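Notes for the structure review
So you can see what is in the structure, the chains are spelled out below.
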Amino acid sequence: MTSAPSTPTAAALTVIQVAVSDPRVRPLLRELGDEYSARYGKDAHAELARCPDEEFTPSHGGVLLLLLERGETVAGGAFRRYDATTAELKRIWTHSAHRRRGLARRVVAELEREAVGRGYHRIHLTTGPRQPEARALYLAAGYTPLFDTEADPETIGPLPFEKHLERSPR
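So, here is what we can say about the structure in this document. (Residues numbered from 1 in each chain as written. Predicted model: local features only at pLDDT ≥ 70, side-chain atom pairs only at ≥ 80, totals over all residues. Heavy atoms only, no water.)

1. Things to note about the packing of aromatic side chains
- Taken as a whole, this structure holds four aromatic pairs when the rule is applied.
- Ring geometry for Y138 and Y143: centres 5.7 Å apart, planes at 70 degrees, overall edge-to-face.
- Here Y138 falls in the buried class, since its relative accessible area comes to 5%.
- When the ring of Y138 is compared with that of F161, the centres are 5.6 Å apart and the planes differ by 55 degrees; the resulting orientation is tilted. Of this pair, Y138 sits in helix α4 (residues 132-140) while F161 sits in strand β7 (residues 159-164), and the two are 23 residues apart along the sequence.
- What makes F161 buried here is its relative accessible area of 0%.
- An aromatic cluster of at least three residues, connected via ring pairs, comprises Y138, Y143, F147 and F161. (Phe/Tyr/Trp six-rings, centres within 6.5 Å; stacked < 30°, edge-to-face > 60°. Buried < 20%, exposed > 50% of the residue type's maximum accessible area, 1.4 Å probe, protein only. Helix = DSSP H or I, 4+ residues; strand = E, 2+ residues; numbered from the N terminus.)

Dropping the structure here:
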């Protein structure tokens, strides 16, 4: 009999900011590429390489965060500058052995917090039509779909979302 994965406690998780070249990012990029290739039938590793790594650095208005549990990379995600007031979420990922624990939601919340801290007022993102779990994540996290949610996702293409960020009172 298997038990449900445990929910991580805040103390057990560490959020770190890293460069795309950090070796702890490799599982994220490898699994994302493999999963996208399986879902869409083409080599998605090239799609991941479409965005230059420097777009995910603070000097270019971006960030890449990893969520570590006992030193192991269990989830991650990034944003890059979309325009002067908007960040674009990219590469939201949870390690295949750690899914269904709320880790992706935690990554999205951390990215939102970082975006606010960097002066962004809005987040934009797209997810693929064959990623119903990503669609559900963004809807549950308060993102507004910029597409007809009743339409067949395959007829839409990439599914765009947005969220207006609220500044925390100091």
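2. Section: unusual backbone geometry
- One non-glycine residue, R70, lies in the positive phi region at around 50 degrees.
- Here R70 shows up in the loop between β2 (63-69) and β3 (72-83).
- Classification of R70 as exposed rests on a relative accessible area of 72%.
- Even without a glycine there, the phi angle at R91 is positive, about 55 degrees.

3. Some details on the sheet that holds strand β1 (residues 13-17)
- An order of β1-β2-β3-β4-β5-β7-β6 is seen for the seven strands of this open sheet, with the pairing classed as mixed. Edge positions in the open sheet fall to β1 and β6 (144-145), since each of these has one partner strand only.
- Looking at chain direction, β1 and β2 are connected through five bridges and run antiparallel. Considered in β2, the bridge of Q17 is made with L65.
- Sheet contacts for helix α1 (residues 26-40): β2, β3 and β4 (86-94); angle to β4, the most-contacted strand, approximately 85 degrees.
- The strands that helix α3 (residues 103-117) touches are β1, β2, β3, β4, β5 (122-127) and β7; relative to β3, the one it contacts most, it runs at about 40 degrees. (Pairing = 2+ DSSP bridges. Contact = heavy atoms within 4.5 Å. Axes fitted to C-alpha atoms, helices over the stretch in contact; angles between N-to-C directions.)

4. Things to note about the pattern of salt bridges
- Overall, the coordinates contain 14 salt bridges when judged by the stated rule.
- The salt bridge partner of D22 is R24, with a shortest N-O separation of 2.8 Å.
- R24 gets classed as partly exposed once you look at its relative accessible area, which sits at 36%.
- Here E110 ties to R113 by a salt bridge, and the two come within 3.2 Å at their closest N and O atoms. Highlighted residues: E110 and R113, both in helix α3, separated by three residues, approximately one helical turn.
- Looking at E110, the relative accessible area reads 15%, which means it is buried.
- The class of R113 is exposed, set by a relative accessible area of 53%.
- It is possible to trace a salt-bridge network through shared partners that takes in E31, E35, R39, R99 and E133. (Salt bridge = Lys/Arg side-chain N within 4 Å of Asp/Glu carboxyl O.)

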